[in-house]
Amino acid sequence: MANLWIEGGSRSGKTELLRQQFCHWVDRDFASQSNPQAASQKVLVFTVDAQRRRKLNEELMLATHGQYPVTVVTPLSFFRDEVRLFWTLLVKQLGIKAQFPLLLRVENEQELANILWKDRLETGTLQMEGIGRDRLVRRLLDLFLLAAYGGRDIREIPKVLNAGIETILPENHEELGENIAEQWQEIGEALQEWRGYCWQRGLLTYGIITDLFGHYLLSNSQYQRKLQQRFQYVIVDRADEMPAIACDLCRLILVQGAQGIFTFNPDGLVRLGLGADPQYWQELKAECENIHLPHSQTTLGADIAASAIQLVSEPILQFMEPYTTLRSIESVSRAKLFRNVAETIASAIASGEVKPNEIAIIAPGLDNIANYALVEILRKKEINVHPLDDQRPLSHSAQVRSLLTLLTLVYPNLGNLSSRDRIAEMLVVLTEAIDPVRAGMLADYCYAPHPERPQLLAAETYNQWNRLGYEATQTYEKLRQWIEQQSPKDTPLLFIDRAIQAFFKPRKLNYEHTATLQELIETAQYYWQLGYRLDLEDAVILEKFIQLIRQGTVTANPYAPDLPQNSIVLATIFQYRMARLSHRWQFWLDASSDLWLQGGAASLYGAPLFLKNWTGEIWTIEHQREADRQRLQRLIKDLLDRTSDRLYLCHSELSTNGQIQNGVLSPLIEISQAV
């Protein structure tokens, strides 16, 4: 049977057709075998992220009544598992130290790379003009991952950057051009140093994993034989979001005699700029039976997408009748805009015209002000709002901050990480009887700072201790005695758990707070494991751990399998499109902003240069403008295909910094009905 290539826009039925074909495999190939469950395990299914992996796995299980389990993975999770599974093979091939590999979290990857490249960064040999130290380190690590995604050796990175990055040089400045070439070479040497550092310590990052898989496993004949034995079917859900190295893997599986199904959304390409290589995947199209699905006719995209894109791409000065499904909400200031949007939503919900779970608020970028303002205004109107993929740093949690302060009072040489303000906050959070005023008084008069051993003194130390009140005094003394009973010889992990049991478990915290504390414990366990791998002492690990959490780089990611019922979704464009959601009503926030045309955080530095179809030419401003224009057209079509009844364009005349806004979507606003 021929391989299938299923192509269509959003909501066109690609996944349904994929499920039908899988059920066909079940009836034709699996059901008649002596062990059908084992046969179905030879199906390898790729999805773009963990959320989609859970959902598609559930859909396939329901379609076959749970009788035929399959292997559903993301490309990165598959590469990670394969590298771990065949680690001994890699150890032998690379001649590195035999030790069990340890996966680095992103925040630890950044921290260790900073330390490794410290001399290069401080002497200025490793630099990019106008880029700060932390951002430069992150950019270099991203370049490593992009190269690995594209199947390139990291030693090629300097040559790629030198050929592709546009550099405007003054006339007769050959020396400056040589310096730039040396700068790219320094980047290449730093990345090779980073790879060697991780190899010798058994540390895995996503870049290291992908590089190992693409260059050392995928080309290994022994591994290829194992791959052929394990998988005879491959499904790729949304190939347009997958990296080139995953395409090479699928080609190999198909060459070995497997059957494949691939879905592709030409209006998707959300991860183009983040490692996806959709054009390279389309080379598989010629080797498959092609099925083109028509656009859904029940969305706004069917009615207005073509004219909207034409109007945005080529603004014309002529009168057009406003679309009844296209509305606009406008104001002078952005603050007033948030209130106008909330009032419109509240009025529609109160009248029964729409339900909260049928509304999505989408923005090109959600800053803290917009997020907080919309959530608070709507919640005061008793309307729930669910920020999509809301990742808050652990340091934003008062419970976490209090536990970190508590550590400084038990373990020695941490006095420089404590302060009166932190002590006062800890007293309020860990107890229910000490209010902020009394906590401030206790911190002022009963806290003895010391670089090695800070401590809490008895309440009587305060000469007007009677002002504290009996209940607050007794609670404070119990806390102080509990701290004195703790031993610095106990591991910090045990201490954190004991503190949670003593101060937070009796209160029965809500899910959000519980998930945050759980993430703190998991981060601590991992950090100590990494510290021991690097031969660090407990005291050093503890100090670095407290500083890491306080920097705000570690976030809590509570598991939420389904969207809360009866809640409005609040998301960025990227989050909404990746989640593949659809709603009756959409509100496009900041519609007059230039951010709609820009990729922003959805595009990594140098990403176009690592695509398979890169010609070797310099990536110019004109190239970037054309890429932004194509991206805008795709997202307009995609978002319109994800709404069925009404679209609101929400805009303010002035941006946050007071500038007049006249963004690329302004022509759409002109043909909308003002609310």
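Residues numbered from 1 in each chain as written. Predicted model: local features only at pLDDT ≥ 70, side-chain atom pairs only at ≥ 80, totals over all residues. Heavy atoms only, no water.

Peer 1: A description of the pattern of salt bridges should follow, citing residues and the corresponding values.
Peer 2: Two side chains that carry opposite charge are able to pair once their charged atoms sit near each other. Overall, the coordinates contain 37 salt bridges when judged by the stated rule. Note that E16 and R19 form a salt bridge whose closest N and O atoms lie 2.2 Å from each other. Taken together, the residues span about one helical turn, with E16 and R19 both in helix α1 (residues 14-30) at a distance of three residues. Taking relative accessible area as the criterion, E16 reaches 37% and is therefore assigned partly exposed. A salt bridge links E353 to R646; the shortest N-O distance between them is 3.2 Å. (Salt bridge = Lys/Arg side-chain N within 4 Å of Asp/Glu carboxyl O. Helix = DSSP H or I, 4+ residues; strand = E, 2+ residues; numbered from the N terminus. Buried < 20%, exposed > 50% of the residue type's maximum accessible area, 1.4 Å probe, protein only.)

Peer 1: For the pairing of strand β16 (residues 567-572), give the residues involved together with the corresponding values.
Peer 2: Counting buried positions over the six residues of β16 gives six, a clear majority of the element. Pairing geometry for strand β11 (residues 384-387) and β16, over four bridges, is parallel. Looking across to β16, one finds that V385 is bridged to I568. (Pairing = 2+ DSSP bridges.)

Peer 1: An account of the nonpolar core is requested, with residue identities and associated values reported.
Peer 2: Counting residues in hydrophobic clusters, the biggest one holds 90 residues, and the most contacted among them are F46, F78, W117, W194, F213, F262 and W281. Looking at this core element by element, the count peaks at ten residues for helix α8 (residues 133-149). Once residues within four sequence positions are removed from consideration, F78 is found in contact with L44, F46, V73, F213, Y223, L227, R230, F231 and L249. In terms of nonpolar packing, the next biggest core, distinct from the first, is built from 52 residues, M426, I496, A499 and A524 among them. (Core = buried A, V, L, I, M, F, W, Y, C linked by side-chain atoms within 4.5 Å. Contact = heavy atoms within 4.5 Å.)

Peer 1: Requested: an account of the sheet that holds strand β18 (residues 643-652), with residues and values cited.
Peer 2: Ordered in space as β11-β16-β10-β17-β18-β9-β19, the seven strands form an open sheet in which the pairing is parallel. Both edges of this open sheet fall to β11 and β19 (673-674), since each of them pairs with a single strand only. Relative to strand β17 (residues 583-588), strand β10 (residues 359-363) runs parallel, the two sharing four bridges. In the sheet register, I361 faces β17, and the bridge partner there is F587.

Peer 1: Describe the packing of aromatic side chains, with residues and values.
Peer 2: Each pair of aromatic rings is reported with the distance of its centres and the angle of its planes. Overall, the coordinates contain 26 aromatic pairs when judged by the stated rule. Taking 5.5 Å as the distance between ring centres and 85° as the angle between the ring planes, the aromatic pair formed by F46 and F78 counts as edge-to-face. Note that F46 is positioned in strand β2 (residues 43-46) and F78 in helix α4 (residues 75-85), a separation of 32 residues in sequence. Under the relative-accessibility criterion, F46 is labelled buried at 1%. The exposure class of F78 is buried, given its relative accessible area of 3%. Put simply, the rings of F46, F78, F79, F86, F213, Y223 and F231 touch in pairs and so form one group of aromatic residues. When the ring centre of Y605 is taken as origin, the NZ or CZ atom of R139, which lies over that ring, is 3.9 Å away. (Phe/Tyr/Trp six-rings, centres within 6.5 Å; stacked < 30°, edge-to-face > 60°. Lys NZ or Arg CZ within 6 Å of the ring centre and 35° of its normal.)

Peer 1: Account for the packing of helix α18 (residues 398-410) against helix α24 (residues 538-551), with residues named and values stated.
Peer 2: Running from N to C, α18 and α24 point in directions that differ by 155°, and their axes come no closer than 11 Å. Accordingly, the angle class assigned to the pair α18 and α24 is roughly antiparallel. The way α18 lies across α24 gives a crossing that is left-handed. Touching V400, L404, T405, L407 and T408 of α18 are L542, F545, I546, I549 and R550, all from α24. Looking at the contact of α18 with α24, its residues break down into seven nonpolar, two polar and one charged. (Axes fitted to C-alpha atoms, helices over the stretch in contact; angles between N-to-C directions. Parallel < 35°, antiparallel > 145°, perpendicular 65-115°, else oblique. Left-handed = near helix turned anticlockwise from the far one by under 90°. Nonpolar A, V, L, I, M, F, W, Y, C, P; charged D, E, K, R; others polar.)

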